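# Structural overview for review
So you can see what is in the structure, the chains are spelled out below.
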Amino acid sequence: MAELGAIMTWTFTGETGIPNEIGEILVDGEVPEVAYKTIRDVAVITNKRIIIADKQGITGKKVEVYTIPFKSIVMYSSENAGLLDFNAELELWTRAGKFKLNLNRGVDIRKLDRIIGKHIL
């Protein structure tokens, strides 16, 4: 099995509005809380999971959607950006394996900490 970190690598560049099309995949009782812009994609954090859309191809019309349910997270760590660091880091250990999210300096790592903690603890 491939290392998840090699497959699932994203950088959150900043907060953005929650895209309208996210409603197409939400389940009953699921509420979007915050969205983050990635290089070409968007990630939405709901009260149940982390959803990351990965646009593919030249036009970006083909979209692969990754879902990380909060119930699958067994541990996580966060590291804020230091004085000379460009990114903060969030590592998630799930039943499927471990992966990392990079967060640009402008993304509030502690806000993401609170949201994840609220839903997995």
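Residues numbered from 1 in each chain as written. Predicted model: local features only at pLDDT ≥ 70, side-chain atom pairs only at ≥ 80, totals over all residues. Heavy atoms only, no water.

The protein chain carries the name Bacterial Pleckstrin homology domain-containing protein in an unreviewed UniProt entry, which gives Andreesenia angusta as its organism.

## What about the overall build of the protein chain?
Check the secondary structure of the protein chain and you find two helices and nine strands. Taken from N to C terminus, the helices and strands of the protein chain fall in the order α-β-β-β-β-β-β-β-β-β-α. Relative to its 121 residues, the protein chain shows a buried fraction of 39%. Counting only contacts in the protein chain whose residues sit at least 6 apart along the sequence, the fraction spanning at least 24 positions is 36%. For the protein chain, the exposed surface amounts to about 7,200 Å²; the carbon and sulfur share of it is 54%. (Helix = DSSP H or I, 4+ residues; strand = E, 2+ residues; numbered from the N terminus. Buried < 20%, exposed > 50% of the residue type's maximum accessible area, 1.4 Å probe, protein only. Contact = heavy atoms within 4.5 Å. Areas by Shrake-Rupley, 256 points an atom, 1.4 Å probe, with all protein chains shown as cover.)

## Quick word on the pairing of strand E9 (residues 97-104)
As paired elements, strand E1 (residues 9-12) and E9 share four bridges and run parallel to each other. Among the inter-strand pairings, tryptophan 10 is bridged to a residue of E9, identified as leucine 101. Hairpin connection of strand E8 (residues 87-94) to E9: two residues between the antiparallel strands. (Pairing = 2+ DSSP bridges.)

## Concerning the environment of isoleucine 115
Among the secondary structure elements, isoleucine 115 is positioned in helix H2 (residues 109-120). The class of isoleucine 115 is buried, set by a relative accessible area of 8%. Along the primary structure isoleucine 115 and valine 34 are separated by 81 residues, whereas in three dimensions their C-alpha atoms are 9.1 Å apart. With sequence-adjacent residues up to four places away left out, isoleucine 115 is seen in contact with Glu33, Val34 and Ile45.

## Looking at H2
With 12 residues, H2 extends 16 Å from end C-alpha to end C-alpha; this agrees with the ideal 16 Å at 1.5 Å per step. Where H2 starts, the residue carrying a side-chain oxygen 3.1 Å from the main-chain nitrogen of arginine 110 turns out to be aspartate 108. (Expected span 1.5 Å × (residues − 1). Polar contact = N/O pair within 3.5 Å; in protein donor to acceptor, adjacent residues only side chain to side chain.)

## Concerning the sheet that holds E1
Strand order in the open sheet formed by four strands is E1-E9-E8-E7, with mixed pairing between adjacent strands. Lying at the two open borders of the sheet, with one neighbouring strand each, are E1 and strand E7 (73-79). Geometrically, the sheet is characterised by an average inter-axis angle of 20° between neighbouring strands, direction not taken into account. Together, E1, E7, E8 and E9 form the strand contacts of H2, whose direction differs from that of E7 by roughly 165°. (Axes fitted to C-alpha atoms, helices over the stretch in contact; angles between N-to-C directions.)

## Description of the packing of aromatic side chains
Counted under the stated rule, the structure contains two aromatic pairs. Measuring from ring centre to ring centre gives 5.1 Å for tryptophan 10 and tyrosine 66, while their planes differ by 65°; the resulting arrangement is edge-to-face. Of this pair, tryptophan 10 sits in strand E1 while tyrosine 66 sits in strand E6 (residues 62-69), placing them 56 residues apart in sequence. Using a relative accessible area of 17% as the deciding quantity, one classes tyrosine 66 as buried. Judged by centre distance (5.1 Å) and plane angle (15°), the ring pair of phenylalanine 12 and tyrosine 36 falls under stacked. Placement of phenylalanine 12 in strand E1 and of tyrosine 36 in strand E3 (residues 32-37) is noted, with a sequence separation of 24 residues between them. Since its relative accessible area comes to 1%, tyrosine 36 is described here as buried. (Phe/Tyr/Trp six-rings, centres within 6.5 Å; stacked < 30°, edge-to-face > 60°.)

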